[in-house]
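# Fold and contact review
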Amino acid sequence: MAQLWGGRFTKETDKLVYNFNASISFDQKFYEQDIRGSKAHVAMLAKQGILTETEKEDITKGLDGILEDVRSGKLEITSAYEDIHSFVEANLIDRIGDAGKKLHTGRSRNDQVALDMKLYVRDEIDETDGLLKKLLEALQKIMEENIHTYMPGFTHLQKAQPVTLAHHVGAYFEMFVRDRSRLADIRKRMNTCPLGAGALAGTTYPLDREYTAQLLGFDGPTRNSMDSVSDRDYVIELLSAFATIMMHMSRFSEEIILWNSNEYRFVEIDDAYSTGSSIMPQKKNPDIAELVRGKTGRVYGALTSILTTMKGIPLAYNKDMQEDKELTFDAIDTVKGCLALFTGMVSTMQFHKKNMEASAKNGFTNATDAADYLVNHGVPFRDAHGIVGRLVLTCIDKGISLDELSLEEYKEISPVFEEDIYDAISMQTCVEKRMTIGAPGPEVMEQVIAQNRRYLEEN
Ligand code: ARG
C-alpha cells in the first residue's frame, strides 16, 4: 500500500478503508494525461527557477520512460498504489531518485486530478466529435440517394403526410449537428487550466500559470483557485450532451426497429448487424438498435448520478468528487461504442423503397392535398376538410386508396372535382409541391444536401 501522505499517521490504514478509498482501479485510465500534466508542471518549475534544468531533464526523461513502459505493457499499473498520481510519482522516484521527489512542488493532487480529468474529457470530446461526423456522413449519403423515395410521415404514429426518406433522415442530421455544436460549446467553456490552484488556495511559489496553460493547449488559467479544484460543471455538461446524443440515437433506433418489423418492412438490417433466435428459426432481430435504445438508460443514470453527487459539496475539494470518474468513463465508452455500431448499422441497412411508397399511398397521406385541391377551386377549407373526410370513409369501406376512386365517385361527394384531381394527389405532387424552406420538396432538399456537404467539408 503505497501512500503519499504517511508522515502524520502512526497506524496503518485498515485494508478495507484503503480499498474503499483507492481510485487506481479506474483512474489508471488517464495515466497519459497525468504524465502530460506533470511534464508541463516541471517545465514551468524550471522556467521559474524553482527546479534546475538538470532536474527538469531528469524528471522529464523519467516520466517519458514511465509512459513508454506503461504503453508497451512492460510496466503494470497495480493496486499497490492508491491512485494514478501516487503510481507515477513512486515510479519516478524509483527511476531517478531524489529529483523525482521534487515533482510535486507547488502542486496538490486536487489541482492535479482536476487537470487530468479536464485533459481526459477534452480528448474524449474530440473523439466523440469524430464519431458523430462519421455518422453524419453516413446519413448524408442516404439523403443524397433518396430525394425521391416517398414514405409516410407520421404524427401520433399515424400516417400523416407524405415525405421522403431524405427528408426523414435529414431530421436526424439536424439533431446530430446540434450534438456536435453542444460538444464544441462545452470544449470552449471548459478550456481553462486548473493547474497551479494547489489544494485550494494557490501556492507561495512563483508559478507561471499562463505558461502551463499554454503548454497544455488551454486558452488560459482558471480564475479562482477554489473553483478550479471543485468545478465539475464540464463533466455535468458532457454527460448532458451525451444523454442527448443517446436520446437521438435511441429515437432513431426505435424507428429502425419498427421499420424492420414484418408489419412495416421498410428496411432490412444487414445480417452482420442482426442476430437470430435460439428457438425461432425465422427470426432476425434488430439487437444493435435495441441495445443502443437500452444503453441510453445508463448514460442518463450517469448524468443523474453526478448531479446528485455534486449538489451538497461545500467548497473546495471533497472526496465525493472521486465519484465523477467511473460513471464518466462508462458513459464515454457507451456513447462511443454506440455511435460506431449505429453508424455501421445505418450505412449497411437496405431500404425497401416500394414498401415505403405503397405505405404512404395506402394511409391517405394525400388527404390534405385533396382538401387543398378543393380550396384552390374556391371551397372554404373547413368544408373541404369535411368533403375529403367523407371520401376517406368511402375508401375505407371499399378497402382502396384515394387515387383508386373513380371520378364519378368523387363527383358524387363534390361536383368541384375534375380529372386533374389524380395529378393533384399523386405522391409526386404531394411531395414535390412542398417547396418552402425545411419541406421535403426535391429542390429544397437539394439545397439542404449542398449545405450539409459544405458543413461536412468545413467542420
Ligand atoms: N483520487 C482523487 C480523486 O479522484 C484524487 C484527488 C485526491 N485528493 C485528495 N486530497 N485526497 O478525486
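For the structure, check the block above.
Residues numbered from 1 in each chain as written. Predicted model: local features only at pLDDT ≥ 70, side-chain atom pairs only at ≥ 80, totals over all residues. Heavy atoms only, no water.

Close contacts around the ligand come from Ser23, Asp27, His85, Arg109, Asn110, Val113, Tyr317, Lys319, Gln322 and Lys325, and that covers them all. Tyr317 is positioned such that a nitrogen or oxygen atom in its side chain is 2.4 Å from an oxygen atom of the ligand. A distance of 2.7 Å separates a nitrogen atom of the ligand from a polar atom in the side chain of Gln322. Against a free-state accessible area of 340 Å², the protein chains account for coverage of 86% of the ligand. With three residues, helix H6 (residues 109–145) is the single largest residue contributor to the shell around the ligand. Residues belonging to the shell around the ligand are distributed by class as follows: two nonpolar, four polar and four charged. (Near = heavy atom within 4 Å. Polar contact = N/O pair within 3.5 Å; in protein donor to acceptor, adjacent residues only side chain to side chain. Areas by Shrake-Rupley, 256 points an atom, 1.4 Å probe, with all protein chains shown as cover. Helix = DSSP H or I, 4+ residues; strand = E, 2+ residues; numbered from the N terminus. Nonpolar A, V, L, I, M, F, W, Y, C, P; charged D, E, K, R; others polar.)

Gaps left between atoms are located by rolling a probe of water-molecule size over the structure's atoms. If you add up the space inside the largest pocket, you get close to 390 Å³. Contributing to the lining of the largest pocket are 18 residues, with Gly153, Phe154, His168, Tyr172 and Glu255 lying nearest its centre. Contributions of two or more residues to the lining of the largest pocket are made by strand S1 (150–155), strand S2 (158–164), helix H7 (165–190) and helix H10 (233–259). Here the lining of the largest pocket is composed, by residue class, of 10 nonpolar, five polar and three charged. Approximately 250 Å³ is the volume attributed to the second largest pocket. Looking at the second largest pocket, it is lined by 13 residues, and the ones nearest its centre are Asn260, Ser261, Asn262, Lys283 and Lys284. A breakdown of the residues in the lining of the second largest pocket according to their chemical character gives three nonpolar, six polar and four charged. (1 Å grid on protein atoms, 1.4 Å probe; cavity = no way out; pocket = protein on both sides within 12 Å on 5 of 7 lines; lining within 4 Å. Points joined across faces, edges and corners; volume = space filled by probe spheres on them.)

To continue, consider the packing of aromatic side chains. Tallied over the entire structure, the rule returns 13 aromatic pairs. Residues Tyr81 and Phe87 carry aromatic rings whose centres are separated by 5.3 Å and whose planes lie at 85° to one another, so their mutual orientation is edge-to-face. Using a relative accessible area of 16% as the deciding quantity, one classes Tyr81 as buried. Ring centres of Trp259 and Phe266 lie 6.3 Å apart, and the angle between their planes is 45°; on these two criteria the pair is classed as tilted. For the pair Trp259 and Phe266, one class covers both residues: buried. Put simply, the rings of Phe154, Trp259, Tyr264 and Phe266 pair up and form one aromatic cluster. Across from the ring centre of Tyr211, 5.0 Å away, lies the NZ or CZ of Lys47, which sits over that ring. Looking at Arg122, its charged tip hangs above the ring of Phe218, at a distance of 4.5 Å from the centre. (Phe/Tyr/Trp six-rings, centres within 6.5 Å; stacked < 30°, edge-to-face > 60°. Buried < 20%, exposed > 50% of the residue type's maximum accessible area, 1.4 Å probe, protein only. Lys NZ or Arg CZ within 6 Å of the ring centre and 35° of its normal.)

Next up on the list: helix H3 (residues 31–47). When the terminal C-alpha atoms of H3 are compared, their 24 Å separation across 17 residues agrees well with the 24 Å that a helix rising 1.5 Å per residue should span. For H3, the buried fraction is high: 13 of the 17 residues fall into the buried class. Directly beyond the C-terminal end of H3, a positive phi value near 75° is found at Gly49. (Expected span 1.5 Å × (residues − 1).)

For the rest of this paragraph, the subject is the side chain of Arg180. Along the chain, Arg180 falls in helix H7. Polar contacts involving the side chain of Arg180 include one to the side chain of Asp129, which spans 2.8 Å. Among the polar contacts made by the side chain of Arg180, one reaches the main-chain carbonyl oxygen of Asn459 at a distance of 3.3 Å. Those residues in contact with Arg180 that sit more than four places away from it in its chain are Asp129, Leu132, Lys133, Leu136, Tyr455 and Asn459. (Contact = heavy atoms within 4.5 Å.)

Among the nonpolar cores identified, the biggest contains 94 residues, and Phe87, Leu139, Phe176, Leu239, Phe242, Met249 and Phe342 are the most heavily contacted of them. If you tally residues by element for this core, the top one is H10, at 15 residues. Residues in contact with Phe342, not counting those within four places in the same chain, are Leu135, Met249, Phe252, Ser253, Ile256 and Val292. (Core = buried A, V, L, I, M, F, W, Y, C linked by side-chain atoms within 4.5 Å.)

To continue, consider the pattern of salt bridges. Here the structure, examined in full by the defined rule, presents 30 salt bridges. The partner of Lys29 in a salt bridge is Asp333, and the shortest N-O contact between them spans 3.2 Å. With Lys29 in the loop between helix H2 (24–27) and H3 and Asp333 in helix H12 (residues 324–348), this pair connects stretches of sequence that are 304 residues apart. Look at Lys29 and you get partly exposed, because its relative accessible area is 35%. The partly exposed category is assigned to Asp333, whose relative accessible area is 40%. Of the charged contacts, one joins Lys325 and Asp324 as a salt bridge, the two residues approaching to 2.8 Å between their closest N and O atoms. Asp324 matches Lys325 in its accessibility class, with the two residues each being buried. One continuous salt-bridge network, built from bridges that share partners, spans Arg265, Glu268, Asp271 and Lys284. (Salt bridge = Lys/Arg side-chain N within 4 Å of Asp/Glu carboxyl O.)

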